[in-house]
Amino acid sequence: MAEGHSNRPKFDNRRDKIAWYLDEIDSYKEDMGKWYTVFFRRILPFLVFIVPLNIVCARAYESFASRYLSAILDPTSAASKIVVWLVALVIFLAILIFLPRFATFCEFAITGVFYYLAIFATYSYQVNGVVMTKPLITNGFGYFVIIVLSIFMFMKLVFFVLEIMYRIVFRGEHEPKAYKDDADDFVL
């Protein structure tokens with residue numbers, strides 16, 4: 001019979017086992033270094049949220065302009081929607097860079113609004129004087145965006161739960177245990 005992984009210690013209880021696994025996951029995250037921070041926390045969320053932010057900004061602009069500023073702004077103006085979207089992208093990028101924890105909250109909020117719009121919202125357009133409506137997501141690209149966003153947010157939620165568990169188990173510690181003891185284990 002094949003033996004199990006030899007570096008895994010014997011555990012006295014379930015808490016020690018969970019702590020060991022959490023420490024290993026955190027060690028791998030630490031080993032990724034700056035690439036983890038730059039790519040997975042800044043670049044990837046920015047790329048994933050380009051289209052959802054576009055949809056949310058366009059709907060928010062239409063709603064705000066038609067309700068409060070209809071005398072000044074045209075709610076159907078495509079140029080204004082693009083300007084609002086570009087400003088929102090710049091603000092979102094700044095939040096990703098300077099406020100990463102708040103960025104996680106913003107990602108969950110934008111995702112919730114986007115899913116609400118994808119399920120319940122319709123797009124109205126006029127053909128020969130007749131107003132027609134259709135669902136917001138009607139093509140493969142829209143479904144692709146929903147799938148990618150779902151996978152990204154699921155992984156974000158998993159790592160968020162792991163981070164909470166890590167903070168509960170290793171309360172008061174700032175480094176993973178793998179870096180603190182002088183054992184012969186070399187964590188790559």
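Use the structure listed above.
**Student:** Can you lay out the overall build of the chain for me, pointing to particular residues and giving the numbers?
**Tutor:** In terms of regular secondary structure, the chain is built from 7 helices and 2 strands. Order of helices (α) and strands (β) in the chain, N terminus to C terminus: α-α-α-α-α-β-β-α-α. Looking at the chain as a whole, 28% of its 188 residues are labelled buried. Sequence separation of 24 or more characterises 63% of the internal contacts of the chain that already satisfy a separation of 6 or more. Total accessible area on the chain is roughly 13500 Å²; 65% of this is exposed by carbon and sulfur atoms.

**Student:** Residue-level account of the pairing of strand 1 (residues 122-127), with values.
**Tutor:** Sheet topology note: the strand 1/strand 2 (residues 130-135) ladder contains 6 bridges and is antiparallel. Bridge assignment links Tyr123 to a residue of strand 2, and that residue is Lys134. Remark: 2 residues form the turn of the hairpin made by strand 1 and strand 2, two consecutive strands paired antiparallel; Asn128 in that turn has positive phi of roughly 50°.

**Student:** Go over the packing of helix 3 (residues 50-67) against helix 5 (residues 100-120) with me, naming the residues and quoting the values.
**Tutor:** Interhelical geometry of helix 3 versus helix 5 gives an angle of 70° and a closest axis separation of 9 Å. Overall, the two elements helix 3 and helix 5 adopt an arrangement that is roughly perpendicular. Each of Pro52, Leu53, Ile55, Val56 and Arg59 in helix 3 lies in contact with helix 5, whose residues at this interface are Ile110, Val113, Phe114 and Leu117.

**Student:** Go over the nonpolar core with me, naming the residues and quoting the values.
**Tutor:** Nonpolar side chains in soluble globular proteins tend to end up buried together. In this structure, Phe49, Leu53, Phe92, Ile110, Phe114 and Leu149 are the most contacted members of the largest nonpolar core, which totals 24 residues. For this core, the elements supplying multiple residues, two or more each, are helix 3, helix 4 (78-98), helix 5 and helix 6 (140-169). Here Phe114 is in contact with Pro52, Ile55, Val56, Ile137, Val145, Ile146 and Leu149, once residues within four sequence places are set aside. Core analysis: the next-biggest nonpolar cluster, separate from the first, contains 5 residues, Ala19, Leu22, Tyr166 and Val169 among them.

**Student:** For the side chain of Arg42, give the residues involved together with the corresponding values.
**Tutor:** Take Arg42: it is sitting in helix 2 (residues 34-48). This buried residue, Arg42, is left without a salt bridge; Glu107 holds the nearest opposite charge, at 9.6 Å. Within polar-contact distance, the side chain of Arg42 engages the backbone oxygen of Leu96 at 3.2 Å. Not counting the four nearest positions on each side in its chain, Arg42 is found in contact with Thr37, Leu96, Ile97 and Pro100.

**Student:** Describe a nonpolar patch on the surface, listing the residues and the values that go with them.
**Tutor:** A cluster of nonpolar side chains, contributed by Ile18, Phe108, Leu157, Phe160, Val161, Ile164, Met165 and Ile168, occupies part of the molecular surface with about 630 Å² of accessible area. The element that contributes the greatest number of residues to the nonpolar patch is helix 6, accounting for 6 residues. Here Val161 is to be found in helix 6.

**Student:** How would you summarise the pattern of salt bridges if you had to cite specific residues and measurements?
**Tutor:** Within this structure, the stated rule accounts for 2 salt bridges. Linking Lys81 and Glu62 is a salt bridge whose minimum nitrogen-to-oxygen distance equals 2.5 Å. Of this pair, Lys81 sits in helix 4 while Glu62 sits in helix 3, and the two are 19 residues apart along the sequence. Judged by relative accessible area, which is 19%, Lys81 ranks as buried.

**Student:** How would you summarise the packing of aromatic side chains if you had to cite specific residues and measurements?
**Tutor:** Considering all chains together, one arrives at 7 aromatic pairs under this definition. Aromatic pair Phe49 and Phe92: ring centres 5.5 Å apart, planes at 55°, arrangement tilted. With Phe49 in the loop between helix 2 and helix 3 and Phe92 in helix 4, this pair connects stretches of sequence that are 43 residues apart. The exposure class assigned to Phe49 is buried, which follows from its relative accessible area of 0%. Centroid distance Tyr116 to Phe120: 5.1 Å. Interplanar angle 45°. Geometry classified as tilted. On the criterion of helical spacing, the pair formed by Tyr116 and Phe120 is a turn pair, its members being 4 residues apart in helix 5.

Procedures and definitions
- Throughout, residues of each chain are indexed from 1 in the direction in which the sequence is written.
- With the structure being a predicted model, the display of local features is reserved for residues of pLDDT at least 70 and the display and counting of side-chain atom pairs for 80 or more, all residues being used for whole-chain, interface and lining totals.
- Excluded from the side-chain calculation are hydrogens and water; included are all heavy atoms of the structure.
- Segments assigned H or I by DSSP are reported as helices when at least four residues long, segments assigned E as strands when at least two residues long, and all are numbered from the N terminus.
- Between buried and exposed lies partly exposed: a residue is buried under 20% and exposed over 50% of the maximum accessible area for its type, with that area taken using a 1.4 Å probe on protein chains only.
- Every residue pair with non-hydrogen atoms within 4.5 Å of one another is taken to be in contact.
- Method for areas: the Shrake-Rupley scheme with a 1.4 Å probe, in which residue coverage is limited to the protein chains shown.
- At least two DSSP bridges between two strands are required for those strands to pair.
- All axes here are fitted lines through C-alpha atoms, helices being fitted over the stretch that makes contact, and every angle between N-to-C directions spans 0 to 180 degrees.
- Angle categories: roughly parallel below 35 degrees, roughly antiparallel above 145, roughly perpendicular from 65 to 115, and oblique for all the rest.
- The set of buried Ala, Val, Leu, Ile, Met, Phe, Trp, Tyr and Cys residues whose side-chain atoms join them within 4.5 Å is what this entry labels a nonpolar core.
- We count Lys and Arg on the positive side and Asp and Glu on the negative side, and we leave His and both chain ends out.
- Think of a salt bridge as a Lys or Arg side-chain nitrogen and an Asp or Glu carboxyl oxygen that are within 4 Å of each other.
- Polar contact is the term for a pair of N or O atoms within 3.5 Å; when the atoms are in protein, one must be able to donate a hydrogen and the other to accept it, and sequence-neighboring residues count only if both atoms are side-chain atoms.
- Each patch is built from salt-bridge-free residues with over 30% relative accessible area, joining like charges within 9 Å and nonpolar side chains (Val, Leu, Ile, Met, Phe, Trp, Tyr) within 5 Å.
- Two aromatic rings, drawn from Phe, Tyr or Trp (for Trp, its six-membered ring), form a pair once their centres lie within 6.5 Å of each other, and the interplanar angle then sorts them: stacked below 30 degrees, edge-to-face above 60, tilted otherwise.

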